[in-house]
Amino acid sequence: MPCLLALDQGTTSSRAMVFDEQSRVVATAQKPFRQHFPRSGWVEHDAMEIWQSQLDCAREALERSGSSAGDVAAIGIANQRETTILWERASGRPVGPAIVWQDRRTAGLCDRLRAQGKAPEIRAITGLELDAYFSATKLAWLLDNTPGARERAAAGELAFGTVDSWLIWQLTGGRRHVTDPGNASRTMVFDIHRRCWHAELLELFGIPPGLMPEVVDSSGICGETEPALLGAAIPIAGIGGDQQAATFGQACFAPGMAKNTYGTGCFLVLNTGSPVESSQRLLTTIGWRRQGRTEYLVEGSVFVAGAVVQWLRDGLGIIRDSAEVEALAASVPDNGGAVLVPAFTGLGAPWWDAHARGALVGLSRGSTAAHIARAALESIALQTVDLVDAMNRDATAPISELRVDGGAARNDLLMQIQADLLGVPVVRPRQTETTALGAAYLAGLAVGLWQGEDELAAHWGVERRFEPRAGEDWRRGMVARWHKAVERARHWEEG
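These lines cover the structure that appears in this document, whether it is placed above or below. Everything numeric here is computed off the predicted structure, so don't read it as measured data.

**Section: the overall build of the protein**
Okay, step 1: From N to C terminus, the protein includes 17 helices and 23 strands.
Okay, step 2: If you line up the protein on its principal axes, its C-alpha atoms span 60 × 55 × 45 Å.
Okay, step 3: Within the protein, buried positions represent 62% of all 495 residues.
Okay, step 4: Pairs at least 24 residues apart make up 73% of the contacts formed inside the protein by residues separated by at least 6 positions.
Okay, step 5: Carbon and sulfur atoms make up 49% of the accessible area of the protein, which amounts to about 18000 Å² in all.
Okay, step 6: Computed over 48 positive and 58 negative side-chain charges, the inter-centroid distance for the protein is 3 Å.

Right, dumping it as structure tokens:
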């Protein structure tokens, strides 16, 4: 039977999943890779380690599935977005570290451009806030701080890409330098209305146009793998930034449908069909392009969600494994007054404060590791409340239920806290790995494994529904204390 191979390249690990024609997982493989924090606010990856870990996972998942490369109808790729890689065309090797989406080293450049009045223009063209989150300033930094990079870029020797482009380059042996409109729309140099690279913005950031990848459909064959890598030449037919792919995997095909992904960060996405300008500093972004039709989304981005649990494990050492956080947090009835604002790399929507830093307030002598663990889970849910409130102010109708996915969505306590704080049901599907599933869907549609989105929507099903149980007074009190703590964390590193 034909199958699909989804490559899910995330911020802290690479994963590969094999799906059958019924959207069922046949096999999976996952491999973490190193995170590098050379300075405060800097986050880097080794691009070659990303590639090798993803290739290893693809091979392992195929082996576990019992399938050969010849059984794979197509490959779909989902990727951590905005992370910026610059590499040599001749050798395929990076010329410096991959600068991760969480990295804040270019906040000063964004401040200078904002002072020059560039933010409204950038917003109008790209749908994005002027922020260090996106790729443009990261690429400018690499060009300015890598010896000889500007000269080599001008000479056509270098290529830029987000992680999707990097993987496709490697998979095709350097034959294809491409991205899709969804990933392109996260660079801050892509015109989301004309759907092309914007010459004036490239010039503003000092980016030679020759560095940029070709923009192809999110669902469509864009190349084939080198046969030696996986055992046969396999079509690459799906590309989606992780949040676009997760939205597709959640079957949010119609305007008005929303999902929230709980991964390293937290991403609330609403399908709007056509571009909608947010009045609440949410992002207007492209979801996917398929058969000549472009779908648009409104998105709210939280920089630290599941990563706060990793911090409890690696930074504080109060848990040994991320899975322990639920039991520890559930061992106390409430947070004991503790409020944690995990602004370790600034605050995303709706605050957009690159100078915010983490704050843990409200402690007393009675505060314990369990109270801090509960405050950490609440911080994920409270950041989502801010996004939902902002999105409701933008939308024609409020969000009446929230579809959830991602690793932390399997935490029952967190999902119940989320429902209680939002006051609407939280719905967890049977398949929570919707990022990989969305990549598989995009690829499968392109090669005719499925005929249309209605067929995919029929595969979606509920595993559990969390109904709100808390009162309105509790909800308002929690949000008020949260906003009080957020104000303590904001503008912390401003000069």
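There is more to say after this.
**A few points about the state of the cysteines**
Okay, step 1: On inspection of all chains with the given rule, the structure shows zero disulfides.
Okay, step 2: With no disulfide partner, Cys 57 has as its closest neighbouring cysteine sulfur the one in Cys 3, 16 Å distant.
Okay, step 3: Of all cysteine sulfurs in the structure, the one in Cys 3 sits closest to Cys 222, which takes part in no disulfide; the separation is 18 Å.

**Things to note about the nonpolar core**
Okay, step 1: Counting residues in hydrophobic clusters, the biggest one holds 103 residues, and the most contacted among them are Leu 86, Val 189, Leu 211, Tyr 262 and Val 341.
Okay, step 2: Per-element accounting of this core gives the leading share, 13 residues, to helix α13 (residues 369-394).
Okay, step 3: If we skip the residues at most four places from it in the chain, Leu 211 touches Leu 86, Arg 89, Leu 139, Leu 143, Ala 153, Leu 158, Ala 159, Phe 160 and His 177.
Okay, step 4: Formed by 38 residues, the second largest nonpolar core is a distinct cluster that contains Val 18, Leu 55, Ala 232 and Ile 236.

**Considering empty space enclosed by the protein**
Okay, step 1: For the structure on display, the rule yields two cavities of 30 Å³ or more.
Okay, step 2: What lines the largest cavity is Asn 335, Ala 338, Val 339, Leu 340, Ala 375, Glu 378, Ser 379, Leu 382, Met 478, Arg 481 and Trp 482.
Okay, step 3: Mapped onto the lining of the largest cavity, the elements with two or more residues apiece are β19 (339-341), α13 and α17 (472-489).
Okay, step 4: Within this model, the second largest cavity holds a volume of roughly 50 Å³.
Okay, step 5: As for the second largest cavity, its lining consists of Ser 301, Val 302, Leu 347, Gly 348, Ala 349, Trp 351, Gln 383, Asp 386 and Trp 482.
Okay, step 6: Those elements that provide at least two residues to the lining of the second largest cavity are β18 (293-302) and α13.
Okay, step 7: The class makeup of the residues in the lining of the second largest cavity is five nonpolar, three polar and one charged.

**Topic: the pattern of salt bridges**
Okay, step 1: Counted under the stated rule, the structure contains 39 salt bridges.
Okay, step 2: Among the salt bridges present, the one from Asp 217 reaches Arg 289, with a minimum N-O distance of 2.5 Å. One end of the pair, Asp 217, is in the loop between β12 (214-215) and β13 (219-224); the other, Arg 289, is in strand β17 (residues 283-290), with 72 residues separating them in the sequence.
Okay, step 3: For Asp 217, a relative accessible area of 26% puts it in the partly exposed group.
Okay, step 4: Judged by relative accessible area, which is 16%, Arg 289 ranks as buried.

**Section: the side chain of Asn 411**
Okay, step 1: When you line up the elements, Asn 411 lands in the loop between β21 (402-405) and α14 (412-422).
Okay, step 2: The class of Asn 411 is buried, set by a relative accessible area of 10%.
Okay, step 3: At a separation of 3.1 Å, a polar atom in the side chain of Asn 411 contacts the main-chain amide nitrogen of Leu 413.

**Looking at unusual backbone geometry**
Note on backbone geometry: most residues besides glycine have negative phi, and most peptide bonds are trans.
Okay, step 1: Geometrically, the link from Ala 349 to Pro 350 is a cis peptide bond, its omega value of -5° lying close to zero.
Okay, step 2: With respect to the helices, strands and loops of the structure, Pro 350 is situated in the loop between β19 and β20 (359-361).
Okay, step 3: The phi angle at Ala 251 is positive, at roughly 60°, despite the residue not being glycine.
Okay, step 4: Within the secondary structure, Ala 251 sits in the loop between α10 (242-249) and β15 (258-262).
Okay, step 5: What makes Ala 251 buried here is its relative accessible area of 5%.

Calculation criteria
- Along every chain, residues carry numbers that run from 1 in the direction the sequence is written.
- Totals for whole chains, interfaces and linings use every residue, but because this is a predicted model, local features are given only for residues with pLDDT of at least 70 and side-chain atom pairs only at 80 or more, for both listing and counting.
- Side-chain numbers here rest on the full set of heavy atoms in the structure, without hydrogens or water.
- Working definition: helices are DSSP H or I runs of at least four residues, strands are E runs of at least two. Numbering for both runs from the N terminus.
- Burial classes: relative accessible area under 20% of the type maximum marks a residue as buried, over 50% as exposed, and values in between as partly exposed (1.4 Å probe, protein chains only).
- Here, two residues are considered to be in contact whenever any of their heavy atoms come within 4.5 Å of each other.
- For the area figures, the Shrake-Rupley method with a 1.4 Å probe applies, and any residue is considered shielded solely by the protein chains shown.
- His is not counted, nor are the chain ends; Lys and Arg add positive charge and Asp and Glu add negative charge.
- In plain terms, the charge of a residue is placed at NZ if it is Lys, CZ if Arg, CG if Asp and CD if Glu.
- Throughout, disulfides are identified as pairs of cysteine sulfur atoms within 2.5 Å of each other.
- Buried Ala, Val, Leu, Ile, Met, Phe, Trp, Tyr and Cys residues form a nonpolar core when they are joined through side-chain atoms within 4.5 Å.
- The pocket and cavity definitions rest on a 1 Å grid over protein atoms only: a 1.4 Å probe that fits but cannot leave marks a cavity, an open set with protein on both sides within 12 Å along at least five of seven lines marks a pocket, and residues lining either have an atom within 4 Å of a point.
- Grid points are joined across faces, edges and corners, and a volume is the space filled by probe spheres set on the points.
- Amino acid classes used here: Ala, Val, Leu, Ile, Met, Phe, Trp, Tyr, Cys and Pro are nonpolar; Asp, Glu, Lys and Arg are charged; the rest, including Gly, are polar.
- By definition here, a salt bridge exists when the distance from a side-chain nitrogen of Lys or Arg to a carboxyl oxygen of Asp or Glu is within 4 Å.
- The definition of a polar contact used here is a pair of N or O atoms within 3.5 Å, where within protein one atom must be able to donate a hydrogen and the other to accept one, and adjacent residues in sequence count solely through side-chain atom pairs.

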